[in-house]
Amino acid sequence: MGAAKVRGEIMAESKTDLRVVRTRKLIRDAFMDMVGEVGVARITVKDLTERAGINRKTFYLHFESIEALYDSVMNEVMNDFFDNYETTADQPKDLDGHAQRFFLFLAGQTPTIEKLICSPGPYDFGNHIYREQMMRYKSAGQDPFAWMDADAEELVLNFIRTTALDFYREWVRRGKRVDPQEAAPLLGAITCHGAAPLMR
């Protein structure tokens, strides 16, 4: 194969990649704008593609469903957390640290991400993001609950997830009146020890 042909193929591939990146960004930006403006429950592929200036076929070339778009945004957030904020991902017994760091990370997110987490819709972004957090800990280190029956373990994991998610949602709902640096240790303590140690 000649050098000119190879260069041509590389350039064509680069243009295709740039087009893919540009189109996915259009879709993502339109989605994030709509979350802020109309709320999670009212976003449809039809409205989203109109907002992004693309047709439905183009959307489905990039995402197999609206849920896949939610997953993509969720993975962006989680990659940011695990790449830049989480320091003990391979230490699954550090529940206190995990709870505190993730809460503080979420407390610093944009209003749009906050709205996604606090809006239990058909997808329930908040539930997905906390479930993904725990799955990544299990992938990175040994599962400290592996000794349990699978159903019993899921009850425990569900308790940890929902406690953290409800704590965050309630903190937002109440206007964030408790300073994040004060709220985070409360969540860590409740996650690890329940409410008993906080009683005086």
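Quantities reported herein were computed from a predicted structural model and do not represent experimental measurements. (Residues numbered from 1 in each chain as written. Predicted model: local features only at pLDDT ≥ 70, side-chain atom pairs only at ≥ 80, totals over all residues. Heavy atoms only, no water.)

1. Section: the overall build of the protein chain
Okay, so step 1: The number of helices and strands found in the protein chain is nine helices and zero strands.
Okay, so step 2: In sequence order, the protein chain lays out its α and β elements as α-α-α-α-α-α-α-α-α.
Okay, so step 3: For the protein chain, with 200 residues in total, the buried portion stands at 40%.
Okay, so step 4: Counting only contacts in the protein chain whose residues sit at least 6 apart along the sequence, the fraction spanning at least 24 positions is 64%. (Helix = DSSP H or I, 4+ residues; strand = E, 2+ residues; numbered from the N terminus. Buried < 20%, exposed > 50% of the residue type's maximum accessible area, 1.4 Å probe, protein only. Contact = heavy atoms within 4.5 Å.)

2. Details of the pattern of salt bridges
Okay, so step 1: In total, this model carries 16 salt bridges according to the counting rule given.
Okay, so step 2: For Arg173, the salt bridge is made with Glu170, and the minimal N-O distance between the two is 2.8 Å. One end of the pair, Arg173, and the other, Glu170, are both in helix α8 (residues 150-173), three residues apart, so they sit about a helical turn from each other.
Okay, so step 3: For Glu170, a relative accessible area of 32% translates into the label partly exposed.
Okay, so step 4: For Glu170, the salt bridge is made with Arg174, and the minimal N-O distance between the two is 3.8 Å.
Okay, so step 5: By sharing partners, the salt bridges in this structure join Asp33, Glu37 and Arg51 into a single network. (Salt bridge = Lys/Arg side-chain N within 4 Å of Asp/Glu carboxyl O.)

3. Topic: the layout of surface pockets
Okay, so step 1: By volume, the largest pocket amounts to about 160 Å³.
Okay, so step 2: Considering the residues around the largest pocket, the lining is formed by Phe167, Glu170, Trp171, Arg174, Arg177, Val178, Ala183 and Leu186.
Okay, so step 3: For the lining of the largest pocket, the secondary structure elements donating two or more residues are α8 and α9 (180-193).
Okay, so step 4: Per-element tally for the lining of the largest pocket: the top contributor is α8, with three residues. (1 Å grid on protein atoms, 1.4 Å probe; cavity = no way out; pocket = protein on both sides within 12 Å on 5 of 7 lines; lining within 4 Å. Points joined across faces, edges and corners; volume = space filled by probe spheres on them.)

4. Topic: the side chain of Asp124
Okay, so step 1: For Asp124, the position within the fold is in the loop between α6 (111-118) and α7 (125-140).
Okay, so step 2: In this structure the side chain of Asp124 is engaged in a polar contact, spanning 2.8 Å, whose partner is the side chain of Arg169. (Polar contact = N/O pair within 3.5 Å; in protein donor to acceptor, adjacent residues only side chain to side chain.)

5. Observations regarding the packing of helix α5 (residues 95-107) against α7
Okay, so step 1: It is at 13 Å that the axes of α5 and α7 come closest, and there the two elements cross at 140°. Classed by the angle they form, the pair α5 and α7 counts as oblique. Relative to α7, the crossing made by α5 is right-handed. Taking contact as the criterion, the partners of His98, Phe102 and Leu106 in α5 are, on α7, Ile129, Tyr130, Gln133 and Tyr137. (Axes fitted to C-alpha atoms, helices over the stretch in contact; angles between N-to-C directions. Parallel < 35°, antiparallel > 145°, perpendicular 65-115°, else oblique. Left-handed = near helix turned anticlockwise from the far one by under 90°.)

6. As for the environment of Ala99
Okay, so step 1: Topologically, Ala99 is positioned in helix α5.
Okay, so step 2: Sequence spacing of Ala99 and Ala89 is ten residues, and the spatial spacing of their C-alpha atoms is 12 Å.

7. Observations regarding the packing of aromatic side chains
Okay, so step 1: Overall, the coordinates contain 16 aromatic pairs when judged by the stated rule.
Okay, so step 2: For the pair Phe31 and Tyr70, a centre-to-centre distance of 5.0 Å together with 85° between the ring planes defines the contact as edge-to-face. One end of the pair, Phe31, is in helix α1 (residues 3-38); the other, Tyr70, is in helix α4 (residues 66-84), with 39 residues separating them in the sequence.
Okay, so step 3: Aromatic side chains Phe103 and Tyr168 sit 6.2 Å apart centroid to centroid with 75° between the ring planes, which places their arrangement in the edge-to-face category. With Phe103 in helix α5 and Tyr168 in helix α8, this residue pair connects regions lying 65 residues apart in the sequence. (Phe/Tyr/Trp six-rings, centres within 6.5 Å; stacked < 30°, edge-to-face > 60°.)

8. Brief notes about the nonpolar core
Okay, so step 1: Phe31, Leu48, Leu116 and Phe125 are the most contacted members of the largest nonpolar core, which has 47 residues in total.
Okay, so step 2: The element best represented in this core is α4, accounting for ten residues. (Core = buried A, V, L, I, M, F, W, Y, C linked by side-chain atoms within 4.5 Å.)

9. Overview of the packing of α5 against α8
Okay, so step 1: Contact pair α5 / α8: the axes reach a minimum separation of 11 Å and the direction vectors enclose 35°. Of the two possible hands of crossing, α5 and α8 adopt the one that is right-handed. Between α5 and α8, the residues in contact are Leu95, Phe103, Leu106 and Ala107 and Ile160, Phe167, Tyr168 and Trp171, respectively.
Okay, so step 2: Each residue belonging to the contact of α5 with α8 can be placed in one class, and the counts come to eight nonpolar, no polar and no charged. (Nonpolar A, V, L, I, M, F, W, Y, C, P; charged D, E, K, R; others polar.)

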